[in-house]
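# Breakdown of the fold
Now for the letters of each chain:
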Amino acid sequence: MAVAKRNRSETKVDPSAKNIKDTVEQIRLLERQVAESKTHLNNIVTLIQYCEDDSSKVIHAAMHALFRVFSPMLSRGELQKPKKATAEDKKATVTLWLRDNYVKYLNRMCTILDLPEAGLQVPALKILLDLIKLESAHLSTLSGSHHFANDLYLNVVDALLNCNNMSAPLLDEFTQKYFGFYDDLRFYFLKNAAQIINFAIGSKPKKDNKTPQSKKQKTTGQAPPAKLALILENAFAIMETLKSMPTEAKELDEFWTGNPDPNNEKKDYTGESFGFSEDEDDTVEDLTKDTSAAHVKRHPLLTLFNHRRVFSDCWTALLRLPFTAVIYKKTLLIVHKRIIPHLPQPTVLMDFLTDSYNAGGAISLLALKGLFVLITEHNLDYPDFFQKLYMLFDRNLMHVKYRARFFSQVDIFLSSPLLPAQLVAAFIKRMARLGLSSPPASIVIIIPLIYNLLKRHPTCMQLIHGKADSEKNDSYDALQDDPMKSNALQSSLWELQTLQNHVAPNVATLAKIFNEQFTKPSYNLEDFLDHTYATMFQNEITKKRKGEAAIAVDAPKGLFVAAVEETAEEEGEQDAVVPGWESWVF
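Every chain begins its residue count from 1, and numbering advances along the sequence as written. Where local features are concerned, this predicted model is filtered to residues with pLDDT of at least 70; where side-chain atom pairs are given and counted, the filter is 80 or more; whole-chain, interface and lining totals use all residues. To obtain the side-chain values, all non-hydrogen atoms of the structure were used and water was disregarded.

Looking up the protein chain in an unreviewed UniProt entry gives the name CCAAT-binding factor domain-containing protein, with the organism given as Linnemannia gamsii. UniProt positions are given in the numbering used here, feature names are shortened, and annotations may be inferred rather than shown by experiment. Under the Sequence similarities (unreviewed entry) heading, UniProt states for the protein chain: "Belongs to the CBF/MAK21 family."

Attention now moves to the overall build of the protein chain. If you tally the helices and strands in the protein chain, you get 20 helices and 2 strands. Across the 586 residues that make up the protein chain, the buried fraction comes to 45%. Using the Shrake-Rupley algorithm and a 1.4 Å probe, accessible areas are obtained, with residue cover drawn only from the displayed protein chains. Summed over all atoms, the accessible surface of the protein chain reaches about 32,300 Å², with 52% contributed by carbon and sulfur. By the criteria applied, helices consist of DSSP H or I runs no shorter than four residues and strands consist of E runs no shorter than two, each listed in order from the N terminus. Summary of the burial criterion: residues with accessible area below 20% of their type's maximum are buried, those above 50% are exposed, and those between are partly exposed, where the area comes from a 1.4 Å probe applied to protein chains only.

By the element assignment, Phe311 lies in helix α10 (residues 304-318). Among the residues examined, Phe311 registers a relative accessible area of 1% and is labelled buried. A C-alpha to C-alpha distance of 9.4 Å links Phe311 and Phe189, two positions 122 residues apart in sequence. Setting aside residues no more than four positions away along its own chain, Phe311 makes contact with Leu190, Met239, Leu242, Met245, Arg338, Ile339, His342 and Leu343. Only heavy atoms matter for contacts: two residues are in contact if any of them lie within 4.5 Å across the pair.

Turning our eyes to something else, we now look at the packing of aromatic side chains. Within 6.5 Å between ring centres, the rings of Phe, Tyr and Trp (the latter by its six-membered ring) count as paired, and their orientation is classed by plane angle as stacked under 30 degrees, edge-to-face over 60, tilted in between. Summed over all chains, the structure comprises 30 aromatic pairs. For the pair Tyr451 and Phe514, a centre-to-centre distance of 6.1 Å together with 65 degrees between the ring planes defines the contact as edge-to-face. One end of the pair, Tyr451, is in helix α17 (residues 440-456); the other, Phe514, is in the loop between α19 (505-511) and α20 (533-542), and 63 residues separate them in sequence. Exposure class is identical for Tyr451 and Phe514. Each is buried.

Let us now look at α17. In this analysis, the expected span of each helix is defined as 1.5 Å times one less than the number of residues it contains. Taking 1.5 Å per residue as the helical rise, α17 with its 17 residues ought to reach 24 Å, and the 25 Å between its terminal C-alpha atoms agrees with that figure. Burial of α17 is extensive: 15 of the 17 residues sit out of reach of the surface.

Okay, the packing of helix α16 (residues 421-435) against α17 next. An axis is simply a line fitted to the C-alpha atoms; with a helix, the fit covers only the stretch in contact. Between two such axes, the angle follows the N-to-C directions and lies from 0 to 180 degrees. Close contact between α16 and α17 brings their axes to 10 Å; oriented N to C, the two are set at 155 degrees. The angle between α16 and α17 falls in the class roughly antiparallel. Between α16 and α17 lies a crossing of left-handed hand. Contacts between α16 and α17 pair Val424, Ile428, Met431, Ala432 and Gly435 from the former with Ile443, Ile446, Leu449, Ile450, Leu453 and Leu454 from the latter. Here the residues of the contact of α16 with α17 sort into 10 nonpolar, 1 polar and no charged. In this scheme, roughly parallel covers angles under 35 degrees and roughly antiparallel covers those over 145, while 65 to 115 is roughly perpendicular and the rest are oblique. Working rule for handedness: look at the near helix, and if it is turned counterclockwise from the far one by less than a right angle, call the crossing left-handed; if clockwise, right-handed. As a working rule, the residues Ala, Val, Leu, Ile, Met, Phe, Trp, Tyr, Cys and Pro are called nonpolar, Asp, Glu, Lys and Arg charged, and the rest polar, with Gly in that last group.

The next subject is the nonpolar core. Core analysis: the largest hydrophobic core is formed by 166 residues, its most contacted members being Tyr105, Tyr153, Phe189, Leu389 and Phe407. The element best represented in this core is helix α3 (residues 56-76), accounting for 12 residues. Apart from the residues within four sequence positions on either side, Tyr153 is in contact with Leu129, Ile132, Phe148, Phe174, Leu185, Tyr188, Phe189 and Asn192. To define a nonpolar core, start from buried Ala, Val, Leu, Ile, Met, Phe, Trp, Tyr and Cys residues and group those joined through side-chain atoms within 4.5 Å.

So, on to the packing of helix α13 (residues 361-377) against helix α15 (residues 403-413). In contact at an axis separation of 9 Å, α13 and α15 are set at 35 degrees when each is read in the N-to-C sense. The two elements α13 and α15 cross, and the hand of that crossing is left-handed. Contacts from Leu365, Leu366, Leu368, Lys369 and Phe372 of α13 reach α15 at Arg405, Phe406, Gln409, Ile412 and Phe413. Residues belonging to the contact of α13 with α15 are distributed by class as follows: 7 nonpolar, 1 polar and 2 charged.

It is worth spelling out helix α2 (residues 43-50) at this point. Looking only at α2, the buried set comprises Asn43, Ile44, Leu47 and Ile48. Take α2 and look down its axis: the buried residues cluster within an arc of 140 degrees, on one side only. The arc under discussion is defined with respect to the helix axis, by the directions toward the C-beta atoms.

Attention now goes to unusual backbone geometry. A positive phi is found at Asn379, a non-glycine position, where the angle reads about 60 degrees. Checked against the element boundaries, Asn379 lands in the loop between α13 and α14 (385-391). Although it is not a glycine, Asn487 sits at a positive phi angle of roughly 60 degrees. As for its position among the elements, Asn487 is in the loop between α17 and α18 (494-499).

With respect to the helices, strands and loops of the structure, Leu321 is situated in the loop between α10 and α11 (325-339). The exposure class assigned to Leu321 is buried, which follows from its relative accessible area of 4%. Separated by 124 residues in the primary sequence, Leu321 and Ile197 place their C-alpha atoms 8.1 Å from one another. Apart from the residues lying within four places of it in its own chain, the contact partners of Leu321 are Ile197, Ile201, Leu228, Ile231 and Leu232.

This part is about the pattern of salt bridges. Just to be clear on terms, a salt bridge is a Lys or Arg side-chain nitrogen sitting within 4 Å of an Asp or Glu carboxyl oxygen. Within the structure shown, the criterion is met by 15 salt bridges. Residues Arg28 and Glu25 are paired through a salt bridge, measuring 3.2 Å at the closest nitrogen-oxygen approach. You can see Arg28 and its partner Glu25 sitting in helix α1 (residues 15-36), 3 residues apart, about one turn around the helix. Given a relative accessible area of 43%, Arg28 falls into the partly exposed group. For Glu78, the salt bridge is made with Lys38, and the minimal N-O distance between the two is 4.0 Å. Pair noted here: Glu78 is in the loop between α3 and α4 (90-112) and Lys38 is in the loop between α1 and α2, with a separation of 40 residues, a long-range link. Under the relative-accessibility criterion, Glu78 is labelled partly exposed at 22%. Among the ionic contacts, a cluster of salt bridges with common partners joins Lys429, Arg433, Glu471, Asp474 and Glu495.

Time to look at the side chain of Arg403. Relative to the helices and strands, Arg403 is located in helix α15. Counted as positive: Lys and Arg. Counted as negative: Asp and Glu. His and the chain ends are not counted at all. Buried charged residue Arg403 carries no salt bridge. Nearest counter-charge: Asp530, at 8.3 Å. Between N or O atoms, a polar contact is any pair within 3.5 Å; within protein, one atom must be a potential hydrogen donor and the other a potential acceptor, and residues adjacent in sequence are included only when both atoms are from side chains. Among the polar contacts listed, one links the side chain of Arg403 to the backbone oxygen of Met398, at a separation of 2.8 Å. Look past the residues within four positions of Arg403 in its chain and what remains in contact with it is Leu397, Met398, Ala441, Ser442, Ile445 and His531.

Structure below.
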């Protein structure tokens, strides 16, 4: 009996896939009905329910359909709260009903940001930010001046900071296309993030007599540690992407919701609120004092000081969270380049950096640069700076990850010719002593640094000609924490002579520079900071040889052999293999 062949056109259809396709078609039908007639407004409730479906395709279709439904309503002002709503006013009743469903839709979109699927997170973020633009445009038209829909944006920022599933696509989408590009989105993110973090910490809000009592954030208890850790992780992930801030007012020219003053004219900024919510508050106190225009306020978004102020508020709030070791180190790595230059009062970081400097270990190494910037550029008085720096030189220093960064900064710290010779000599002696027990990669950094210090401070040249030749007759006190009391200037650099016999050829060669006259220019320390065992080995195997390396004349009999004393009778006898190692015979 012949077996009937299966028709190629017959394919198995997944029932669930068919149901999803039918549901998507149903969503499109509901959307068309709402667009055609207001008699189908109840379809909005069904579409919101579809946003809570288990299928990502259904959610994707429903949230975009609702966006297309609510967008024209926002533009036409149909979601604006009526000033006087009565039970007999049917139009006002419908408007209030639409507003309630619009708020439900917004809350659901913020919830979608917390879903583990990036394919839904990114579209939800785009929709929310597009709605912010539409709301802001309507508010600006209604009031006659520029307004930002910060009530909605505050919820978006809160959803991002409390997101349990911050995916890389969501983070990149927000930071690269919005937060790092548009001045108004960055400004209000910093303002809102500081408010959210302070509320989570349980701190008291700032005194603001201009803000109504109902709009003030009430003080609550501190949030659970897990929530604080989540906010810290998400907030820092966003803040560390901010690599540049405007440094001049003319750089404030990119706005997601439109330029507050496109003609560059000072307009009267009323600060009134025309939001979609009773709690709408997009006003920002402008702290700049302009006596020439006492009755005219420039919009806060166009004032550089206000951008720097919210930046400072956000970082100040962020630094109050319980830091993890990883985020602590990352913050110290960027504090001197990305944070301090944009603060209106950099001294607000004084306590943070001094506490970090006193913490010891890698944290102290990383806090050095930021603290030094405050001392040299912002008149911070820290008299124990060099003593703390001297105490950081220990054996562990030569093995830490940030060793190269530390030595490059030490070269800057000790560059002033006004430093006492006793202080510089103590650092030179400390580094020379550590060189005796350091790996070769660290020694090749120490030797050029000592050479540069001796050239900058000729008074310390007497260390080269000191009489001490070992630790026994050395007057230097290595256990003294105060460099001024270590008697380093009365000592000698006998450690460098010891390093001239180091097993590593490049270390020994480099140390012999102190046997010559100091006529060579100072070393560029950057050329020695990247040395490791791997780079040193690579240099050795790629070095050009003058001739062939010497090898044994006679091939050995094995790996482990015992020397046999030759006698007149046993002249031809070879070395015998050590008993027990016969398996190593070649």
